[in-house]
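Structure at a glance
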Amino acid sequence: MASQSQGIHQLLQAEKRAKDKLEEAKKRKVKRIKQAKDEATAEIDQYRRQTDKEFRMKQSKVMDSQSNLSEEMEEQTLEKIKELRGNYRRYMESVLSQVLNMVCDVKPEIHANYRATN
């Protein structure tokens, strides 16, 4: 009986050791999963920072070029307005005199399609 009790005791100890080993393996597995998750999170954050940086650089280039275009268009518009005002001042008198001459110098003529009816 003592040998049976000793055998049972050895089986229980072996079962306990196996259970401890399984729990230790589960803990290592959980630790590895957590470590992998942390590494993946760090990698994702690094990638996100890199892409955000690239995006901001591209965005600033586009905004700079747009502001330059806007300033250039504003300058061109002001130059064109200045040119048009100069042309207005230069040709105003001659155009007014031509219009007045056309309106005031009426030369009555019979139209070519008019038929005299007698």
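Below, the structure is looked at part by part. (Residues numbered from 1 in each chain as written. Predicted model: local features only at pLDDT ≥ 70, side-chain atom pairs only at ≥ 80, totals over all residues. Heavy atoms only, no water.)

**Some points on the overall build of the protein chain**
- In terms of helices and strands, the protein chain carries 1 helix and 0 strands.
- Computed over C-alpha atoms, the radius of gyration of the protein chain comes to 49 Å, more than 25% over the 13 Å expected from 2.2 N^0.38 for 118 residues, which places it beyond the range of a compact globule.
- For the C-alpha atoms alone, the extent of the protein chain along its principal axes is close to 160 × 45 × 15 Å.
- Looking at the protein chain residue by residue over its 118 residues, the buried ones come to 0%.
- Accessible surface, the protein chain as shown: approximately 12300 Å² in total, 56% of it carbon and sulfur.
- Taking the average location of the 25 positive side-chain charges in the protein chain and that of its 20 negative ones, the two points are 12 Å from each other. (Helix = DSSP H or I, 4+ residues; strand = E, 2+ residues; numbered from the N terminus. Rg over C-alpha atoms; globule rule 2.2 N^0.38 Å. Buried < 20%, exposed > 50% of the residue type's maximum accessible area, 1.4 Å probe, protein only. Areas by Shrake-Rupley, 256 points an atom, 1.4 Å probe, with all protein chains shown as cover. Lys, Arg positive; Asp, Glu negative; His and termini not counted. Charge placed at Lys NZ, Arg CZ, Asp CG, Glu CD.)

**A few points about a nonpolar patch on the surface**
- Taken together, the side chains of Y91, V95, V99, M102 and V103 present a nonpolar region at the surface, about 520 Å² in accessible area.
- Note that M102 resides in helix α1 (residues 2–104).
- Classification of M102 as exposed rests on a relative accessible area of 67%. (Patch = residues over 30% accessible without salt bridge, like charges linked within 9 Å, V, L, I, M, F, W, Y side chains within 5 Å. Salt bridge = Lys/Arg side-chain N within 4 Å of Asp/Glu carboxyl O.)

**Details of a negative patch on the surface**
- A cluster of like negative charges, contributed by E71, E72, E74, E75, E79 and E83, occupies part of the molecular surface.
- Structurally, E71 can be placed in helix α1.

**Some words on the environment of E79**
- As for its placement among the helices and strands, E79 is situated in helix α1.
- Assessed through its relative accessible area of 53%, E79 is described here as exposed.
- For the pair E79 and H9, spaced 70 residues apart in sequence, the C-alpha separation works out to 104 Å.

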